Amino acid sequence: MGLAVEVGYLADMLAHDAEGAAEAMADLEAINDALATQGLPTHTEPTEVAVWSADMLSYSGLLALREVAAMLWAGRPIPRDRMIEGDDTQASDTLVSAFLENLAGSAELTLVGRAFRALFRGSEPPARPPFLYLTLHSDHDGYYVPVPLDVPLVPKRVTEDTEHLWPLGSTLGLEADINEMCAALSLPVDMGHDDAALARHLDSPAPDGLLWQAQPCAAHACLVLREACFRSLSTGAAIRFC
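Just so we're clear, the structure is a prediction, and the values are computed from it rather than from any experiment.

(A) Structural detail: the overall build of the chain. In terms of regular secondary structure, the chain is built from 10 helices and 5 strands. Whereas a compact globule of 242 residues would reach a radius of gyration of roughly 18 Å, the chain reaches 18 Å, a difference of no more than 12%. Along the three orthogonal principal directions, the C-alpha set of the chain runs to about 55 × 50 × 30 Å. Going through the 242 residues of the chain one by one, you find that 51% of them count as buried. Expressed as a percentage of contacts within the chain between residues at least 6 apart in sequence, the contacts between residues at least 24 apart total 73%. Taken as a whole, the chain presents about 11,700 Å² of accessible surface, with 49% of it coming from carbon and sulfur. Computed over 14 positive and 35 negative side-chain charges, the separation of the two mean positions in the chain equals 8 Å.

See the structure below:
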């Protein structure tokens with residue numbers, strides 16, 4: 001099994017899978033209920049749109065990208081003598097803890113939902129770290145919608161049927177995170193995730209080259225998400241992890 005990223009999921013399901021379309025519409029209804037409850041703009045998913053999808057490098061690519069982002073946040077040098085492949089998440093786990101401390105005012109919380117809902121009195125929370133939207137999202141499920149959100153959304157009431165939807169991400173927030181990562185990795189503006197040069201470096205990383213050449217696994221995930229954000233914002237369709 002692996003992670004696929006799709007823009008136009010509802011349109012795809014309506015054209016090819018009636019049961020899948022019903023499930024997608026239920027997801028989108030739950031998302032809009034949560035947005036409306038928070039007084040936020042709701043999302044209208046197009047039913048006819050050019051569908052785009054790409055496969056990640058299993059789940060490893062996304063985890064590798066998050067690990068590189070967390071190293072940048074921590075001021076740690078990105079290694080060039082070994083390719084980060086998502087099997088070690090020590091830095092990104094620390095970044096998640098920093099987010100929870102910022103969002104909830106307490107580093108003791110370990111559940112994102114509790115962090116978003118809890119009310120704390122006393123000292124001011126620490127400054128919010130970067131890469132919020134890239135990091136606080138499921139690595140195998142859920143959506144990013146083209147709606148501005150101050151933080152990824154977790155509603156007050158989470159049911160078993162909807163728990164896969166949270167935290168809900170914002171495409172706009174993810175785009176900002178990804179643009180920062182593209183710059184950090186020195187990724188060319190015209191490079192796609194299926195670029196032949198990137199494929200060569202996945203087989204043989206170049207420690208003396210640009211950072212994307214030394215860390216092609218993270219670079220591949222970054223490029224998939226960059227195109228997904230572009231497609232989402234240009235069509236109005238959500239990004240779906242599946």
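(B) Highlighting the sheet that holds strand β2 (residues 52–55). On the basis of which strands lie adjacent, the open sheet formed by 5 strands has the order β2-β1-β5-β3-β4 and mixed pairing. Each having just a single partner strand, β2 and β4 (169–170) make up the two edges of the open sheet. Lying over the sheet, helix α10 (residues 216–235) contacts β1 (4–7), β2 and β5 (239–241), oriented at roughly 170° with respect to β2.

(C) Looking closely at the pairing of β2. Going residue by residue along β2, you find Trp-52 and Ala-54 tucked away on one face and Ser-53 and Asp-55 left uncovered on the opposite face. Relative to β2, β1 runs antiparallel, the two being bridged by 4 bridges. Across the sheet, Ala-4 pairs through a bridge with Asp-55, a residue of β2.

(D) Seen up close, the pairing of β1. Burial along β1 is two-sided: Ala-4 and Glu-6 facing one way and Val-5 and Val-7 facing the other are all buried. With 3 bridges joining them, β1 and β5 adopt antiparallel strand pairing. Bridge pairing in β5 places Val-7 opposite Ile-239.

(E) Representation of the packing of aromatic side chains within the structure. Per the stated rule, a full pass over the model turns up 1 aromatic pair. Stacked on the ring of Tyr-9, the Lys or Arg Arg-240 has its end atom at 4.9 Å from the ring centre.

(F) Fine view of the packing of helix α3 (residues 60–74) against α10. Contact pair α3 / α10: the axes reach a minimum separation of 7 Å and the direction vectors enclose 100°. Between α3 and α10, the crossing angle belongs to the class labelled roughly perpendicular. Two secondary-structure elements touch here, α3 through Ser-60, Gly-61, Leu-62, Ala-64, Leu-65 and Val-68 and α10 through Cys-217, Ala-218, Ala-221, Cys-222 and Leu-225.

(G) Just empty space enclosed by the protein, in detail. Counting across every chain of the model gives 1 cavity of 30 Å³ or more. For the largest cavity, the calculated volume is near 30 Å³. Forming the boundary of the largest cavity are Tyr-9, Leu-10, Leu-28, Glu-45, Tyr-143, Ala-238 and Arg-240. The class makeup of the residues in the lining of the largest cavity is 5 nonpolar, no polar and 2 charged.

(H) Structural view of α3. End to end, α3 covers 21 Å across 15 residues, agreeing with the expected 21 Å (1.5 Å per residue, within 8%). Those residues of α3 that sit buried are Gly-61, Leu-62, Ala-64, Leu-65, Arg-66, Glu-67, Val-68, Ala-69, Ala-70 and Met-71. Phi turns positive one or two residues past the end of α3, at Gly-75, with a value near 75°.

(I) Here's a closer look at the environment of Ala-237. Looking at the secondary structure, you find Ala-237 in the loop between α10 and β5. Judged by its relative accessible area of 0%, Ala-237 falls in the buried class. Along the chain, Ala-237 and Ala-11 lie 226 residues apart, while their C-alpha atoms are 9.1 Å from each other.

Analysis parameters
- Residues numbered from 1 in each chain as written.
- Predicted model: local features only at pLDDT ≥ 70, side-chain atom pairs only at ≥ 80, totals over all residues.
- Heavy atoms only, no water.
- Helix = DSSP H or I, 4+ residues; strand = E, 2+ residues; numbered from the N terminus.
- Rg over C-alpha atoms; globule rule 2.2 N^0.38 Å.
- Buried < 20%, exposed > 50% of the residue type's maximum accessible area, 1.4 Å probe, protein only.
- Contact = heavy atoms within 4.5 Å.
- Areas by Shrake-Rupley, 256 points an atom, 1.4 Å probe, with all protein chains shown as cover.
- Lys, Arg positive; Asp, Glu negative; His and termini not counted.
- Charge placed at Lys NZ, Arg CZ, Asp CG, Glu CD.
- Pairing = 2+ DSSP bridges.
- Axes fitted to C-alpha atoms, helices over the stretch in contact; angles between N-to-C directions.
- Phe/Tyr/Trp six-rings, centres within 6.5 Å; stacked < 30°, edge-to-face > 60°.
- Lys NZ or Arg CZ within 6 Å of the ring centre and 35° of its normal.
- Parallel < 35°, antiparallel > 145°, perpendicular 65-115°, else oblique.
- 1 Å grid on protein atoms, 1.4 Å probe; cavity = no way out; pocket = protein on both sides within 12 Å on 5 of 7 lines; lining within 4 Å.
- Points joined across faces, edges and corners; volume = space filled by probe spheres on them.
- Nonpolar A, V, L, I, M, F, W, Y, C, P; charged D, E, K, R; others polar.
- Expected span 1.5 Å × (residues − 1).

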